[in-house]
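# Coordinate analysis (summary)
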Amino acid sequence: MFNLWLTWVFCLWLLFVVIARRSHPQLALGVVVPIAWLAPVWLQWTLFQSTGDTIVGTGIDVKLGASIAILITYCFFKRATYPWRLVPCDWAMLGLMAVHLMSDIHYQGPQWIILGRVYAEWWVAYVIGRLACQYRGDISRFWPYVVGVAICLAGLSAFEMGTGISPYEWLVGTIPNEGRPGVATRWGMRRSYGPTLNPIYFGSLQLLLFGWCLYAAVRAITARATWAWLMAPLLAVIGIVASGSRAPILGAGLAIPVLLFFRFQRLRLPLIAVVVLLGAIVYLQQETIIEGLERWAGEDRFYRADVTVKMEDGETKQYSTTRYRLLLLDVYKIAIRRAGLLGFGTEAVTGFPIHVPVGPQEVETLHTLRMIDNTYVLLTLRFGYLGLLCWSLAAAMAIYQLYYLNEQCRTESVGLLASCQAAVLVAMLPVMFTVWMPQDYGFALLWSWGASSGMYLAYRGGTFNGAPPRGPLRPPE
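Since we're looking at a predicted model, the values are computed, not measured.

### Quick word on the overall build of the protein
The secondary structure content of the protein amounts to 19 helices and 6 strands. Sorting the 477 residues of the protein into buried and exposed places 55% on the buried side. Restricting the contact set of the protein to residue pairs at least 6 apart, pairs at least 24 apart contribute 75%. Just so you have it, the protein exposes about 20,100 Å², and 67% of that area is on carbon and sulfur atoms.

Quick look at the structure:
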């Protein structure tokens, strides 16, 4: 397995070197790293023994290994640039990494592995996205490759659901079950896993690429790309649906009105009014909506059971994969109150169920609610209120930076790309209430935040319209 991992990493590194030598390293980053997202995450160089039912965090997967090798090599190119000036999202990310360091050192003591974990988990993906998006000319040349990756993933997703066969299992062996025995099904078909460990991770990864597909389609509509790119959003939606994950599907639907909000000022007040109205409906019809989501997934027929959440009042609540996201707040509210500023550290939340202080009545329930499918809850338990604040600020600042570019470059392609990316990042925020943030899709999310910072810094610094060295790569328009 290690030899196969090393082969993938070497091929990606070699592709980076070839493109960087023929053109320049910033462009090579924009082309090669998204291609690495096609690699299966369970193909990894294992460094630690698995704790619990997950292999997450036990080794270095292909995209991380290739990215580290590429970043090191980037430093040896004469045309490499290092934009040191910090922008809002950079400050939030530095704060998040500082909280990570303080929390883990507090609970584990000073260890070199903590620095490596911070670098690998937060900085690698973010800084690569930041470096890749320094020039408008580069983005106009590598966007087709990012959209191409999205289309490939969508095709693999549709194939897996349609045939019940995973091409990745042909290549690198059976997907680890990550605590969920058997293959997930929905609507009578296999849910697609793609290169990730769980269908919802796969749906979230494709949702993050959906913005690039929207960008490609609008370019085609405005005669700035060939008409074939019009199919990109449709194919992306098919891929997301094939994951069988409701949150990413609804997220793709949410991205469209958010994009309209960013692009058309006259629609903003009506859209805000619609959001307020929908919010009131959701608040008043919570049970009806939950039951509708259960019927959509077939949970009303197969997964309904009673789980006693023995809180102070001994209340009994019904369980389904829809409802347990809401039950998480009840079960972990004691631990959340005790998390404090720095949380309980990484080791306490490694593997499921996690090891944090809860009330004695909730311990029994944890055997059923093993996974914490809520990024915000897990971040709070891991890094406390400061960690959640820094992460939330990073997400908000990434969206703000893209919104700024949208406003300043409204009639230009970069403004369109910024609005498409901002729409998807906004749509991801509610999705992450239903899933935690592994590197399966977290890498692409951090890369997108970094891309936001790279474009914002270059535009504010006046270098965005500079002419990087030309090379043979051109968008296929």
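### Examining the pattern of salt bridges
Charged atoms that come close allow side chains of opposite charge to pair. Within the structure shown, the criterion is met by 9 salt bridges. Among the ionic pairs, Asp 104 bridges to Arg 117, the shortest N-O distance being 3.1 Å. Remark: Arg 117 occurs in helix H5 (residues 112-132) and Asp 104 occurs in helix H4 (residues 88-108); sequence separation between them is 13 residues. Between Glu 412 and Arg 136 there is a salt bridge whose closest N-O contact spans 2.7 Å. With Glu 412 in the loop between helix H17 (375-408) and helix H18 (413-431) and Arg 136 in helix H6 (residues 136-163), this residue pair connects regions lying 276 residues apart in the sequence. By relative accessible area, Arg 136 is classed as partly exposed at 23%. A single network of salt bridges, built from pairs that share partners, joins Glu 160, Glu 169 and Arg 190.

### Details of the confidence of the model for the protein
Summing up the model confidence of the protein, the mean pLDDT is 87 and the portion of residues at 70 or higher is 85%. In this model residues 301-307 is a low-confidence stretch, pLDDT under 50, and it forms 18 contacts with partners more than four residues away in sequence or in other chains. Under a pLDDT of 50 for its full length, residues 471-477 has, in the predicted model, 25 contacts with residues more than four places off or in other chains.

### Here we look at the packing of aromatic side chains
For the coordinates displayed, the defined rule picks out 25 aromatic pairs. Their ring planes at 45° and their centres at 6.1 Å tell us that Trp 212 and Trp 447 sit as a pair that is tilted. Of the two residues, Trp 212 is situated in helix H8 (residues 199-221) and Trp 447 in helix H19 (residues 439-461); the sequence distance between them amounts to 235 residues. Each member of the pair Trp 212 and Trp 447 is classed as buried. Arranged with centres 5.9 Å apart and planes meeting at 75°, the rings of Phe 261 and Phe 262 form a pair that is edge-to-face. Among the aromatic residues, those joined into a cluster by ring pairs are Trp 37, Phe 142, Trp 212 and Trp 447. Sitting over the ring of Phe 261, Arg 268 keeps its end group 5.3 Å from the ring centre.

### Quick word on H8
In this model H8 runs 32 Å from its N-terminal to its C-terminal C-alpha over 23 residues, within 8% of the 33 Å that 1.5 Å per residue would give. Its axis deflected by about 35° at Leu 209, H8 carries its strongest bend there. Of all 23 residues making up H8, 21 are buried, and the element is well covered by its neighbours. The distance from a side-chain oxygen at the start of H8 to the backbone nitrogen of Ile 200 is 3.1 Å, and the residue carrying that oxygen is Asn 198. Among the residues trailing H8, Ala 223 stands out with phi positive, at a value near 65°.

Procedures and definitions
Residues numbered from 1 in each chain as written. Predicted model: local features only at pLDDT ≥ 70, side-chain atom pairs only at ≥ 80, totals over all residues. Heavy atoms only, no water. Helix = DSSP H or I, 4+ residues; strand = E, 2+ residues; numbered from the N terminus. Buried < 20%, exposed > 50% of the residue type's maximum accessible area, 1.4 Å probe, protein only. Contact = heavy atoms within 4.5 Å. Areas by Shrake-Rupley, 256 points an atom, 1.4 Å probe, with all protein chains shown as cover. Salt bridge = Lys/Arg side-chain N within 4 Å of Asp/Glu carboxyl O. pLDDT = per-residue confidence, 0-100. Phe/Tyr/Trp six-rings, centres within 6.5 Å; stacked < 30°, edge-to-face > 60°. Lys NZ or Arg CZ within 6 Å of the ring centre and 35° of its normal. Expected span 1.5 Å × (residues − 1). Bend = angle between axes of the 7 residues up to and from the residue. Polar contact = N/O pair within 3.5 Å; in protein donor to acceptor, adjacent residues only side chain to side chain.

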